[in-house]
Amino acid sequence: MTKMIWMKQSRQENLIYLAVWVLLFASPLLSQYVRTVSDDNFRFDWMEVFIVWRKFSVYLILFLIHNFLLAPMLVHGRRRGAYFSIVAVVIAAFVIFQCSNRPERREHRRHMPPHMEQHERRPPPFGKPPGPPPIVAERDIMSVLVLILMLGANLGIKNYIRSREDRKRLAELEKQNLEQQLEYLRYQISPHFFMNTLNNIHALVDIDPEKAKDTILELSKMMRFVLYEGNKQEVPLARELDFIRHYVALMQLRYTDKVRISVDLPGEVPERQIPPLILITFIENAFKHGVSYQHESFIEVKVGVEEDELRFSCRNSKAEKANEEKGGVGLANVRERLNLLYNQDYTLNIHDTADIYSVLLVIPIK
């Protein structure tokens, strides 16, 4: 069980504990070395080092018990009552151990010169003779405080490591959820787009078969883009603009000269990235709702790149009778995609007047 708990602990947490305890056990050696170098009369005393190590060993044993058995009850199991009860028993046992194993002065006298030991036995020149030692001395209180601080530090490190891992898992879950939502939205956009395009082809088959063939050729180019590029997080801006050109060329086959279509795309496209199919929905809606078969109408599309942002604008006239076709998932999906991809780091302004519908989209590009 201890091995399983050890494996659950992060490598960084174990390295922190190892480094602290190595420094603690090395401290008496360093102290003896410094005193040896600074004082020629001082001789390295291993007995003093072993005495310090023995004290540290008690703390190490209690730390291991707390780290592998007690702390997981609170950090992972949320068993507060059991944890604090057992810790109280451990501290009480430690106090009893400290009081019953208090270092005696004779152990220190064993290494004293005779004249110093005789001086220690002399009664104090003033005041009352010393009484029996107190039950709990100042040294015992300090030892208990050190133990409590050690256990508290152990809990603090564990809670910090766990909270950091929880944040990582939450971020990973949010990332996976974001990717799943974007994937779902892409699959919504593509069928909606091709549903409209196939309706256009169906209208051309009987009217002009040659134009229908050209339409199918343009559609195959767009299908290739959606098939190989539409499932990516980002695509080159040049390919996204080519997709817009194919779409507009496809739509122009259907309409007469009464529909004025203007497309202004940059001639030299910089090597930037953009989410696929993020612009086509606005153009799609312009053709769907802005074309009138009785009166002249227009559609204006413009794309510009300024430093690290892309500016897309689309204006279209409005038909006398709006298209009442149900569905309309395209624009809602684009809004949701923009929120998921850019949070608040984008601008989408839509102006809907009696005669003109205009869209301005500004997004950062890499």
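Visitor: Even after reading the chapter, I still don't get the packing of helix α8 (residues 209-228) against helix α9 (residues 237-252), so can you show me in this structure?
Guide: Angle between the axes and distance between the axes are the two parameters that describe a pair of packed helices. Axis separation between α8 and α9 bottoms out at 9 Å; the angle between their running directions is 155°. Relative to α9, the element α8 lies roughly antiparallel. Of the two elements, α8 crosses α9, and the hand of that crossing is left-handed. For the pair α8 and α9, the contacting residues are Thr215, Glu218, Lys221, Met222, Phe225 and Val226 in the first and Arg239, Glu240, Phe243, His246, Tyr247, Ala249 and Leu250 in the second. Looking at side-chain class alone, the contact of α8 with α9 contains 7 nonpolar, 2 polar and 4 charged residues.

Visitor: So what exactly am I meant to see when it comes to a nonpolar patch on the surface here?
Guide: Residues Ile141, Met142, Leu145 and Ile148 make up a contiguous nonpolar surface patch of roughly 360 Å² in combined accessible area. With respect to the helices, strands and loops of the structure, methionine 142 is situated in helix α7 (residues 138-207).

Visitor: Mind showing me how you'd approach the pairing of strand β5 (residues 309-317) here?
Guide: Successive side chains on a regular strand alternate, one facing one side of the sheet and the next facing the other. In the sheet, strand β4 (residues 297-306) pairs with β5 via 8 bridges, with the strands oriented antiparallel. Across the sheet, glycine 304 pairs through a bridge with arginine 311, a residue of β5. The hairpin formed by β4 and β5 contains 2 residues between the paired strands, and glutamate 307 there has a positive phi angle of roughly 55°. Two elements, β5 and strand β7 (residues 356-364), share 9 bridges in a ladder whose sense is antiparallel. For arginine 311, the partnering residue across the bridge sits in β7 and is valine 362.

Visitor: Honestly, the packing of aromatic side chains in this entry has me stumped. Any pointers?
Guide: Aromatic ring pairs are reported here in terms of the distance separating the ring centres and the angle at which the planes meet. Going through the model one piece at a time under the given rule, you end up with 13 aromatic pairs. Summarising the aromatic geometry, the rings of tryptophan 21 and phenylalanine 25 are spaced 6.2 Å apart at their centres and angled 45° between planes, so their arrangement reads as tilted. With a gap of 4 residues between them, tryptophan 21 and phenylalanine 25 both fall in helix α2 (residues 11-38), about one helical turn apart. Residue classification places tryptophan 21 among the buried positions, given a relative accessible area of 11%.

Conventions adopted
Residues numbered from 1 in each chain as written. Predicted model: local features only at pLDDT ≥ 70, side-chain atom pairs only at ≥ 80, totals over all residues. Heavy atoms only, no water. Axes fitted to C-alpha atoms, helices over the stretch in contact; angles between N-to-C directions. Helix = DSSP H or I, 4+ residues; strand = E, 2+ residues; numbered from the N terminus. Parallel < 35°, antiparallel > 145°, perpendicular 65-115°, else oblique. Left-handed = near helix turned anticlockwise from the far one by under 90°. Contact = heavy atoms within 4.5 Å. Nonpolar A, V, L, I, M, F, W, Y, C, P; charged D, E, K, R; others polar. Patch = residues over 30% accessible without salt bridge, like charges linked within 9 Å, V, L, I, M, F, W, Y side chains within 5 Å. Areas by Shrake-Rupley, 256 points an atom, 1.4 Å probe, with all protein chains shown as cover. Salt bridge = Lys/Arg side-chain N within 4 Å of Asp/Glu carboxyl O. Pairing = 2+ DSSP bridges. Phe/Tyr/Trp six-rings, centres within 6.5 Å; stacked < 30°, edge-to-face > 60°. Buried < 20%, exposed > 50% of the residue type's maximum accessible area, 1.4 Å probe, protein only.

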